[in-house]
Amino acid sequence: MTKQIYVLNGPNLNRLGKREPEIYGTTTLAEIEAACRKAAGRVPLEFRQSNAESQLVDWIHEAIDGGAGIIINPAGLSFTSVPIMDALKMFDGPVFELHISNIHRRDAVYQHSLVSKAATAVIAGLGADGYATAVEAMVRRLKI
Ligand code: DHK
């Protein structure tokens, strides 16, 4: 069975569409999920969101056992979560860290991601389109 691509989303991303549209745009998470599934084509894809750090860690563990690649927008946990960084370090496949906004030109609190230490690549500032771009790159990277 083809291993799945996991697309994991962190806190507050369930509010996309209404949340600070000047920063995050007006695309909802459901629309982003549809774009990811279209980009994945026949490749199985798990798309999830949680406001809980422990839930994200549990899903990364699940991916360690059955996933081919991880695309993760840890949102605000990017800058604080050693547990998410540690969990991602245990994953053998490619890890793409994704941010809708360009965190590097935002306030200092958003500029140092712990998660980047466990990431193969970082995508930031492409808006909601960054997700489909990440899935396309992951499918190419996995040659599936
Ligand atoms: C989303 C968030 O919730 C912020 O805490 C991050 C990220 C940026 C994003 O751009 O997708 O800093």
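Preceding this paragraph is the structure being described.
Scoring rules and cut-offs
- Residues numbered from 1 in each chain as written.
- Predicted model: local features only at pLDDT ≥ 70, side-chain atom pairs only at ≥ 80, totals over all residues.
- Heavy atoms only, no water.
- 1 Å grid on protein atoms, 1.4 Å probe; cavity = no way out; pocket = protein on both sides within 12 Å on 5 of 7 lines; lining within 4 Å.
- Points joined across faces, edges and corners; volume = space filled by probe spheres on them.
- Nonpolar A, V, L, I, M, F, W, Y, C, P; charged D, E, K, R; others polar.
- Near = heavy atom within 4 Å.
- Polar contact = N/O pair within 3.5 Å; in protein donor to acceptor, adjacent residues only side chain to side chain.
- Areas by Shrake-Rupley, 256 points an atom, 1.4 Å probe, with all protein chains shown as cover.
- Sits in = over half its atoms within 2 Å of the grid points.
- Axes fitted to C-alpha atoms, helices over the stretch in contact; angles between N-to-C directions.
- Helix = DSSP H or I, 4+ residues; strand = E, 2+ residues; numbered from the N terminus.
- Parallel < 35°, antiparallel > 145°, perpendicular 65-115°, else oblique.
- Contact = heavy atoms within 4.5 Å.

Draft legend 1. Fine view of the layout of surface pockets. Computed from the structure, the largest pocket encloses a volume of approximately 170 Å³. For the largest pocket, the lining is made up of 15 residues, of which Arg19, Tyr24, Ala75, Gly76 and Arg106 are closest to its centre. When grouped by side-chain class, the residues that make up the lining of the largest pocket number eight nonpolar, five polar and two charged.

Draft legend 2. Expanded view of the site of the ligand. By nearness alone, every residue bordering the ligand is listed as Arg19, Tyr24, Asn73, Ala75, Gly76, Phe79, His99, Ile100, Ser101, Ile103, Arg106 and Tyr110. Asparagine 73 is positioned with one of its side-chain polar atoms (N or O) 2.9 Å from an oxygen atom of the ligand. Glycine 76 has a polar backbone atom sitting 3.1 Å from an oxygen atom of the ligand. Protein chains bury 98% of the 310 Å² of accessible surface belonging to the ligand in isolation. A majority-of-atoms criterion places the ligand in the largest pocket. Of the residues contributing to the shell around the ligand, the split by class is six nonpolar, four polar and two charged.

Draft legend 3. Expanded view of the packing of helix α3 (residues 53-66) against helix α4 (residues 82-89). For the pair α3 and α4, interaxial distance at closest approach is 9 Å and the crossing angle is 0°. Regarding the angle of α3 to α4, the classification is roughly parallel. In this structure, α3 contributes Glu53, Leu56, Val57, Ile60, His61 and Ile64 to the contact, and α4 contributes Pro83, Ile84, Ala87 and Leu88. Split into classes, the residues belonging to the contact of α3 with α4 amount to eight nonpolar, one polar and one charged.

Interpretation in functional terms is not warranted from these geometric data alone.
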